[in-house]
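Residues per chain, in single letters:
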Amino acid sequence: MANDNKSSDSEGDYTLHYFPFSLYSLMVRFALGLGRQLNSENAPRVQLKFVNLQAQENLGEEYLTKVNSKGQVPSLTSTLLASGLSDSQQIAKWLCEKQPELVPAAHKETIDKLMEKMYSFHFKALNIPPEAAANGIPNVAAAMLEDSSISEKHRRALEIKSIFHDTLHSRTIEADHIAQVETHVSGFMAELAEMIEEHKTEGSRWIFGQQPTILDAYASALMIRLLDNKRQELLPAGVQEYAKAVQASDEWNQITHGRPTVYDASMGPAADLDPK
């Protein structure tokens, strides 16, 4: 069973490195929670390790060299894995192998197709405040390279991270790229609206009816982030209704403790909020 403490849990076979306001971290944590609900017997034992992005722990030497060379969250590590899983898409595939209940055979083709479609864009383009869009996304790793006191190992790791940053975000804040992502998200949500409507039954809560899937975990986190960012125009009415029901659920509250998905300075340091 996953542990919501920042400190390590010796009973966990796997460690999920996460940040509570990272969208992709929320996707994984919600999937883990829904998987435990479906079948606690085959649910992997995962301990949670808070990575303080506000303190740039993801750019530290240990994190870059031992956990994730891209300096991203979430990441999954374990002595049981041949190598760590460095993004949420990899973690989703791993989890579904462990818990096939998250991909019921009757809907597997549709789930696989929509999961792939969701990962054909990066949500960062829709999550950038106006001031960041105007000034660009700072390459903190490149700035850290100016420090002559860092070790050579750390320097090499920061160079790799810096190149990854520039490659990933070279077009993120361009207006035409943002428009492309908006179009893609609108189409993706329209497909989900059709799925929800097609499978809606009395008392159903999830995309395919009574049972949650990996698609519910990942897509609902994205929907709720869009609601928190006041991007309702990207969400059809049926999707908004579904997302708000998930947002009000006990399952979601266990992951977020009732907090929004978007960090605000009025909350205080993120490290003080997690867990609560």
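Cut-off values and rules
- Residues numbered from 1 in each chain as written.
- Predicted model: local features only at pLDDT ≥ 70, side-chain atom pairs only at ≥ 80, totals over all residues.
- Heavy atoms only, no water.
- Phe/Tyr/Trp six-rings, centres within 6.5 Å; stacked < 30°, edge-to-face > 60°.
- Helix = DSSP H or I, 4+ residues; strand = E, 2+ residues; numbered from the N terminus.
- Buried < 20%, exposed > 50% of the residue type's maximum accessible area, 1.4 Å probe, protein only.
- Contact = heavy atoms within 4.5 Å.
- UniProt positions renumbered as here; feature names shortened; annotations may be inferred.
- Salt bridge = Lys/Arg side-chain N within 4 Å of Asp/Glu carboxyl O.
- Pairing = 2+ DSSP bridges.
- Axes fitted to C-alpha atoms, helices over the stretch in contact; angles between N-to-C directions.

### Thoughts on the packing of aromatic side chains
Under the counting rule described, the total for this entry stands at eight aromatic pairs. Seen in terms of ring centroids, Phe30 and Trp252 are 5.1 Å apart; in terms of plane orientation they differ by 85°. Their pairing is edge-to-face. Linking Phe30 in helix α1 (residues 23–38) with Trp252 in helix α11 (residues 250–256), this pair joins segments that are 222 residues apart in sequence. Phe30 gets classed as buried once you look at its relative accessible area, which sits at 1%. When its relative accessible area of 2% is taken as the criterion, Trp252 is described as buried.

### As for the environment of Leu80
With respect to the helices and strands, Leu80 occurs in the loop between β3 (75–77) and α3 (88–98). Once the C-alpha coordinates of Leu80 and Leu53 are considered, the two residues, 27 residues apart in sequence, prove to be 26 Å apart. Residues within four places of Leu80 in sequence aside, it is in contact with Asp13 and Tyr14.

### Looking at the UniProt feature "domain: GST N-terminal" (unreviewed entry) in the protein chain
What UniProt calls "domain: GST N-terminal" (unreviewed entry) maps, in this numbering, to residues 12–103. Secondary structure within residues 12–103 divides into 37% helix and 14% strand; the distance between the first and last C-alpha atoms comes to 24 Å.

### Brief notes about the environment of Ile137
Here Ile137 lies in the loop between α5 (130–135) and α6 (140–144). On the basis of relative accessibility, which here comes to 22%, the residue Ile137 falls in the partly exposed class. Each C-alpha atom, one on Ile137 and one on Tyr18, is 21 Å from the other, the two residues being 119 residues apart in sequence.

### Some details on the pattern of salt bridges
Under the defined criterion, the tally for this structure stands at ten salt bridges. In this structure, the salt-bridge partner of Lys117 is Glu191, at a minimum N-O distance of 2.3 Å. One end of the pair, Lys117, is in helix α4 (residues 108–118); the other, Glu191, is in helix α8 (residues 175–199), and 74 residues separate them in sequence. The class for Lys117 is partly exposed, based on a relative accessible area of 29%.

### As for the environment of Ala217
Along the polypeptide, Ala217 turns up in helix α9 (residues 214–228). By relative accessible area, which is 0% here, Ala217 ends up buried. The sequence separation of Ala217 and Ile178 amounts to 39 residues, and the corresponding C-alpha distance is 24 Å. Ala217 has contacts with Met27, Phe30, Ala31 and Leu34, leaving out every residue within four places of it along the chain.

### Observations regarding unusual backbone geometry
For the bond from Val73 to Pro74, the omega torsion is 0°, close enough to zero to count as cis. In this fold, Pro74 is placed in the loop between α2 (61–67) and β3. A positive phi angle, close to 60°, is found at Gln56, a residue other than glycine. Along the chain, the position of Gln56 falls in the loop between β2 (46–50) and α2.

### Considering the sheet that holds strand β1 (residues 14–18)
Strand pairing in a sheet takes place through backbone hydrogen bonds and is either antiparallel or parallel in direction. Taken together, three strands build an open sheet; the order of strands is β2-β1-β3 and the sheet is mixed. Strand pairing shows two members of the sheet lacking a second neighbour, β2 and β3, which therefore form its edges. Across the sheet, the axes of successive neighbouring strands diverge by a mean angle of 25°, strand direction being ignored. Of the strands in this sheet, β1 and β2 are in contact with α1, which crosses β1 at around 145°.

### Digging into the pairing of β2
Where a strand is regular, its side chains alternate between the two sheet faces. Of all five residues in β2, four are buried; the element is thus mostly enclosed. Sheet analysis places β1 next to β2, joined by five bridges and oriented parallel. Paired with Tyr14 across the strands is Val46, a residue of β2.

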